[in-house]
Amino acid sequence: MPKIVVVGAGIGGISMAYELRTVVGRAADIMIVSDSQWFHFVPSNPWVALRWRKPEDIKVHLPEVLEKLGIGFDASGAKRVHPAENAIELNDGRRITYDYLVIATGPALAFDEVPGLGPDAHSLSVCHVDHAEAAAERWEKFCVDPGPVVVGAVQGASCFGPAYEFALMLSTDLRRRKIRDRVPITFVTAEPYIGHLGLGGVGDTKGLLESVLRDHNIKWVTSVRIDRVEADAVECTEIVGEGKPGPQHRLPARLAMLIPAFRGVSCLMGDDGKGLPGLANPRGFVLVDKHQRNPAYGNVFAVGVCIAIPPYEQTPVPVGVPKTGYMIESMVAAVAQNIAALIAGRTPSSEPTWNAVCLADFGNDGVAFVALPQIPPRNVNWSSRGYWVHAAKVGFEKYFLHKVRSGAAEPAYERLMMKLLGVDRLRPEHDETQPPGRAA
C-alpha cells in the first residue's frame, strides 16, 4: 500500500489529508506530520487578539479526530525534508519514508528582517493563535491608557487582509469602549495603493477600502518600507518613482501590529540558509508546476502559502501574492486527483483554478471579493461591502471548524453552492489556457 505523507496540519494540511482520504479511500496509507497536536483556524486570529474569541474557540485537538478517520499523525515536527531519499528527518531524530509527499507547512514569519518587528520585540502579531493570545493581553492594558496606533504590512508581505481587518476591528472595538476619540490610527502598507492586496486589486477594493478607512478616520501611507519598530514609534520611508527613497516618517505608536514577510520553514532550507535546491527557491518556497507538482521530484506536491508564486507585478516596494482559503482548497483538490492518478498508473492531469473567494471582517461590516482566477486577467472580478460580510465570516468560521472536527473534505452542499456561484476548484480537462503567474 503506498504511503502518502502530508507535512503540516494547518488549513492546507488538514484539508489535504481529508481530501486524500475521500479521493484515494483506503487504497493508501495517509499520515500527517506536524509540530503541534492542535489545528487552529488562522482567519480568526484577529478576533482572538481583541478578545472577541478565546483561543480554545478556534482550536481542534487532532490526534483523536485523525484516529477516527484512519489518518496517521506524528507531532514531532519535520527537521529536514530529503526528497532524493523519499524521507523526512524528524525533530526527535527519527526518519520516516514516503511514496508521495505533500508539503503544506505554511510559512515561517520573517520578523528578523525588520529591526524591532514581532511579538518578541515591539509589535503585535496575528499570524499565530499564540501571538494573538499574547496580543489580547497587551490590548487590554492599552485600552486602560490608550494612545496612537499603527497597523499595516511590511515590505515583502503577501497577506494584507488581516492587516485591514485588525485596523478596522480595532477601531470598532474602541468605539464600543467609547475611547475611539483618544486613539489616532495610521495604516501603513507596502502596497502601491490601498486595496491592491498583492493582486492589483479585485473589483473596486481600492475604492471600497479607502472609503471604509475614511469612515473610521484612519489615515494611511502606501508604498512604505518599514525601517524600524521602536517601543513608541514606527519609522518608515515612502518609496517613490524608480524605487527611490521619498518622505520619511516617524509615526508615534503606543501599539503597533505589522504583518511580516514570509519565507520557507526550516525543514525546506539547507545549511546555507537557502531553499533546498530543486525543491524550493532561495527563499524556501516550494517550486511547483501547473499540477502543484515539484518539477525535480515527481512524487512531491505542495499546497498553500508554502508554494512559490512570482509577484503579480513590479511595485515600488516589493509585495507578494496572497494564497487565500479557497485558492488553497483548489490546490488541494488538484493534488488529491493527481496522486490518485499516479497510484493508478496514470499521468497527472488535474489543474487547480486558483479561484479566490475572500471575506474581510471589520466588526460591524466588511468587504468580500471574488476573483476567478485569483491572478489577473480574470473571468470574474467582483467586490462588495456590507454587514452581511461580517455575518458570513462568522458562519464560515463555525462551518470550517465543523469540517475539521468531522473529517469532511468538501461536503456535497458546499460543492453545490460553489457550483451555483460558478466557482470551481478544478480546471476543465480540455482547457489548455493557463493564467499568468503559474510558473515559479
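That block above? That's the structure.
A quick note: this is a predicted structure, and the numbers were derived from the prediction, not measured.

Calculation rules
Residues numbered from 1 in each chain as written. Predicted model: local features only at pLDDT ≥ 70, side-chain atom pairs only at ≥ 80, totals over all residues. Heavy atoms only, no water. Phe/Tyr/Trp six-rings, centres within 6.5 Å; stacked < 30°, edge-to-face > 60°. Helix = DSSP H or I, 4+ residues; strand = E, 2+ residues; numbered from the N terminus. Buried < 20%, exposed > 50% of the residue type's maximum accessible area, 1.4 Å probe, protein only. Lys NZ or Arg CZ within 6 Å of the ring centre and 35° of its normal. Pairing = 2+ DSSP bridges. Axes fitted to C-alpha atoms, helices over the stretch in contact; angles between N-to-C directions.

Colleague: So what about the packing of aromatic side chains? Which residues, and what values?
Modeller: Scanning the model with the defined rule gives eight aromatic pairs in all. Considering the side-chain rings of Phe-41 and Phe-396, the 6.0 Å spacing of their centres and the 55° angle between planes classify their relative orientation as tilted. Of the two residues, Phe-41 is situated in the loop between β3 (38-40) and α2 (45-49) and Phe-396 in helix α8 (residues 387-406); the sequence distance between them amounts to 355 residues. According to the relative accessible area criterion, Phe-41 is buried, its value standing at 2%. Arranged with centres 5.9 Å apart and planes meeting at 50°, the rings of Phe-396 and Phe-400 form a pair that is tilted. Remark: Phe-400 and Phe-396 occur in helix α8; sequence separation between them is four residues, near one turn of the helix. By relative accessible area, which is 34% here, Phe-396 ends up partly exposed. Pairwise contacts between aromatic rings join Phe-39, Phe-41, Phe-396, Tyr-399 and Phe-400 into one cluster. The ring of Trp-38 is capped by Lys-59, whose NZ or CZ atom sits 5.1 Å from the centre of that ring. Lys-323 extends its terminal NZ or CZ atom over the ring of Phe-285, reaching a point 5.0 Å from the ring centre.

Colleague: How would you summarise the sheet that holds strand β7 (residues 87-90) if you had to cite specific residues and measurements?
Modeller: Strands sit in the order β6-β7-β8 across an open sheet of three strands; the sheet is antiparallel. Each end of this open sheet is capped by a strand with a single partner; those strands are β6 (78-82) and β8 (95-97). On average, each strand axis in the sheet is tilted by 20° relative to the strand beside it, whichever way the strands run. One ladder, built from three bridges, connects β7 with β8; its direction is antiparallel. Paired with Glu-89 across the strands is Arg-95, a residue of β8.

None of the figures reported here should be taken as evidence of function without further support.
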